[in-house]
Amino acid sequence: MFQPWSAPLTAAIEAPVQYGNGAGGNLDGCAAFAPGSLAGKIGLVNRGGCNFTLKVKNIGDAGGLIGIIGLIAPGDAFEGGDGGDRPITIPGYMVTQVVANRLRAGLPNTVVRFDPAVGVPLAGSMVGSSSRGPQHEDTHLIKPEIGAPGASVSAIAGTGTGTGPSAALRRRADG
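Just so you know, these numbers come straight off a predicted model, no measurement behind them.

Draft legend 1. Quick look at the side chain of T110. The residue T110 is located in the loop between α2 (97-105) and β5 (111-114) in this model. Judged by relative accessible area, T110 falls into the buried class, the value being 10%. Within the local environment of T110, its side chain forms a polar contact with the backbone oxygen of L103, the two atoms lying 3.2 Å apart. Among the polar contacts made by the side chain of T110, one reaches the main-chain amide nitrogen of L107 at a distance of 3.3 Å. Not counting chain neighbours up to four residues away, the residues in contact with T110 comprise A15, P16, V17 and L103.

Draft legend 2. Layout of the packing of aromatic side chains. For the coordinates displayed, the defined rule picks out 3 aromatic pairs. Joined through ring pairs, the aromatic side chains of F2, Y93 and F114 make up one cluster.

Draft legend 3. Quick look at the state of the cysteines. Counting across every chain of the model gives 1 disulfide. A sulfur-sulfur separation of 2.2 Å characterises the disulfide bridge that pairs C30 with C50. The chirality of the disulfide connecting C30 with C50 is left-handed, given an S-S dihedral of about -95 degrees. Within this pair, whereas C30 is found in the loop between β1 (13-19) and β2 (42-46), its partner C50 is found in the loop between β2 and α1 (52-61), the two being separated by 20 residues in sequence. A residue is classified by how much of its surface remains accessible, and C30, at 21% relative accessible area, is partly exposed. Take C50: its relative accessible area is 24%, and that puts it in the partly exposed class.

Calculation rules
Within each chain, residue numbers correspond to sequence positions counted from 1 in written order. Residues qualify for local features only when their pLDDT is at least 70, as the model is predicted, and side-chain atom pairs are given and counted only at 80 or more; totals for whole chains, interfaces and linings, by contrast, use all residues. Computation of side-chain values: all heavy atoms of the structure, hydrogens and water removed. By the criteria applied, helices consist of DSSP H or I runs no shorter than four residues and strands consist of E runs no shorter than two, each listed in order from the N terminus. When accessible area is computed with a 1.4 Å probe and restricted to protein chains, residues below 20% of their type maximum are described as buried, those above 50% as exposed, and intermediate ones as partly exposed. Residues adjacent in sequence count toward polar contacts only when both atoms are side-chain atoms; beyond that, a polar contact is any pair of N or O atoms within 3.5 Å, and within protein one must be able to donate a hydrogen and the other to accept it. Whether two residues are in contact is decided by their heavy atoms: any pair within 4.5 Å suffices. Put simply, two rings from Phe, Tyr or Trp (the six-membered ring, in Trp's case) pair if the centres are within 6.5 Å, and we call them stacked under 30 degrees between planes, edge-to-face over 60, tilted for the rest. Any pair of cysteine sulfurs within 2.5 Å is marked as a disulfide.

Quick look at the structure:
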């Protein structure tokens with residue numbers, strides 16, 4: 001899941017993954033990494049301990065190409081809050097615990113490719129935290145009572161029959 005407060009991915013990046021400082025420390029990315037210690041690498045850190053923005057900023061400040069925040073509990077990746085840490089000069093992503101564990105298991109030889117031309121459309125999907133219905137306890141109540149975009153979903157004005165990127169996404173794509 002792309003983190004919209006980070007820099008957009010403008011070209012394909014393929015690089016080895018480094019977990020924390022590469023020596024079993026700073027696994028949450030909350031402390032600064034040694035300058036240049038992530039040069040030419042994609043940094044993977046655990047969720048928790050500090051702002052999502054600080055984690056990705058620290059990876060970028062150490063020369064990392066992309067910052068990945070790996071969940072440490074089951075659940076869907078989501079758009080993390082903006083903690084205000086700046087400047088953030090690299091793209092940031094969040095991945096599920098399953099994906100993060102697969103990355104960690106392949107170290108130190110894990111290489112990952114990010115490509116802006118490849119993606120999974122969210123149109124027609126529902127975020128894992130959304131209500132679904134009917135309720136099991138009281139089958140005459142339908143969930144959700146209110147429907148609206150949320151999480152990483154946005155709405156745009158239109159005919160109601162099409163799909164498209166939000167204005168914010170179009171602005172990011174246009175530079």
